[in-house]
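Chain by chain, the residues run as shown.
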Amino acid sequence: MKLGSKDYGNWYLGFALTISGVIISYIWVDQPVAYFMHANINQRSTFIWMQRLPEALPLLSAIVLAWAGLSTLISRAFSRCQSVMLLCGLSFIAAGAVNNQLKFAFGRMWPETWINDNPSLIQNGAYGFKPFHGGPGFASFPSGHATAICSVMAVLWFCYPRWRLVYAASVAAVVIGLLGADYHFVSDILAGGFVGGSTGWIAVEMSRRWTSIAARQK
């Protein structure tokens with residue numbers, strides 16, 4: 001769980017790579033991939049199930065927060081595992097709040113039409129951003145599912161590095177599901193992954209600092 005100056009450098013590098021990846025994907029990758037998925041994948045049920053992994057996180061986060069509140073009220077100390085689970089819940093909630101504001105700010109149209117006859121690439125040839133438009137029809141960027149899964153897996157990545165292959169596989173499953181179901185553009189997923197991963201890293205770093213401060217005050 002140790003972090004250092006190298007991690008800050010990695011964050012700046014990741015931010016630069018994400019911006020570059022989003023721009024490249026927006027210009028050259030997003031539309032071809034969306035058209036390919038729409039034309040070639042008829043049975044999407046498997047992909048839909050794969051991207052549903054983050055849908056359990058809101059309930060789990062609520063349970064963790066309720067449990068943490070109860071433990072605090074009865075003055076019971078948290079174990080390391082319990083502390084990590086609380087960090088996961090807080091990271092998920094914070095990442096979701098940031099993601100929702102970014103969705104509103106960017107106002108990107110979806111690959112396909114899902115709700116209220118929203119304009120989309122496949123149905124209308126509509127492609128691009130309408131900043132601050134608002135509404136579910138303009139909320140493709142960043143991907144909420146990618147943000148959610150990465151916000152939790154990033155915390156686990158730093159706290160329990162032994163299982164990093166499992167975390168990577170979980171993220172990969174969601175990404176493949178989102179692309180296979182044609183729910184998101186590639187750049188949506190890149191941005192969502194960075195938002196979620198950053199939030200998880202920040203949560204762990206804040207926890208480390210608080211622990212250090214508390215230890216010095218004893």
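Look up a bit, the structure's there.
Residues numbered from 1 in each chain as written. Predicted model: local features only at pLDDT ≥ 70, side-chain atom pairs only at ≥ 80, totals over all residues. Heavy atoms only, no water.

(A) Focus on the packing of aromatic side chains. In the structure shown here, the tally under the stated rule is 13 aromatic pairs. Ring geometry for Phe 104 versus Phe 132: centroids 5.5 Å apart, planes at 70 degrees, classification edge-to-face. In this pair, Phe 104 sits in helix H4 (residues 80–106) while Phe 132 sits in the loop between helix H5 (121–124) and helix H6 (144–159), placing the two residues 28 residues apart along the sequence. For Phe 104, a relative accessible area of 40% corresponds to the partly exposed category. For Phe 132, a relative accessible area of 55% translates into the label exposed. Ring pairing ties together the aromatic residues Tyr 26, Phe 106, Tyr 127, Phe 129, Phe 141 and Phe 185, which thus form one cluster. When the ring centre of Trp 49 is taken as origin, the NZ or CZ atom of Arg 52, which lies over that ring, is 4.6 Å away. In this arrangement the basic side chain of Arg 80 is found over the ring face of Tyr 160, its NZ or CZ atom lying 5.0 Å from the centre. (Phe/Tyr/Trp six-rings, centres within 6.5 Å; stacked < 30°, edge-to-face > 60°. Helix = DSSP H or I, 4+ residues; strand = E, 2+ residues; numbered from the N terminus. Buried < 20%, exposed > 50% of the residue type's maximum accessible area, 1.4 Å probe, protein only. Lys NZ or Arg CZ within 6 Å of the ring centre and 35° of its normal.)

(B) Highlighting helix H7 (residues 164–180). Here H7 contains 17 residues, and its C-alpha end-to-end distance of 24 Å stays within 8% of the 24 Å for a straight helix at 1.5 Å per residue. Taken from the residues just after H7, Asp 182 is the one with a positive phi, measuring 60 degrees. (Expected span 1.5 Å × (residues − 1).)

(C) The pattern of salt bridges, seen in detail. Tallied over the entire structure, the rule returns 5 salt bridges. With a closest N to O distance of 2.8 Å, Glu 112 and Arg 44 form a salt bridge. Remark: Arg 44 occurs in the loop between helix H1 (5–40) and helix H2 (45–50) and Glu 112 occurs in the loop between H4 and H5; sequence separation between them is 68 residues. For the pair Glu 112 and Arg 44, one class covers both residues: buried. Several salt bridges converge on common partners, so that one network encompasses Asp 30, Arg 108 and Asp 188. (Salt bridge = Lys/Arg side-chain N within 4 Å of Asp/Glu carboxyl O.)

(D) Spotlight on unusual backbone geometry. Cis geometry is found at the peptide bond from Phe 141 to Pro 142, where omega equals -5 degrees. Positive phi values are uncommon outside glycine, yet Asp 117 reaches one of about 55 degrees. A positive phi angle, near 60 degrees, is found at Asp 182, a position not held by glycine. You can see Asp 182 is positioned in the loop between H7 and helix H8 (186–217). According to the relative accessible area criterion, Asp 182 is buried, its value standing at 1%.

Everything listed is a geometric property; what it means functionally is a separate question.
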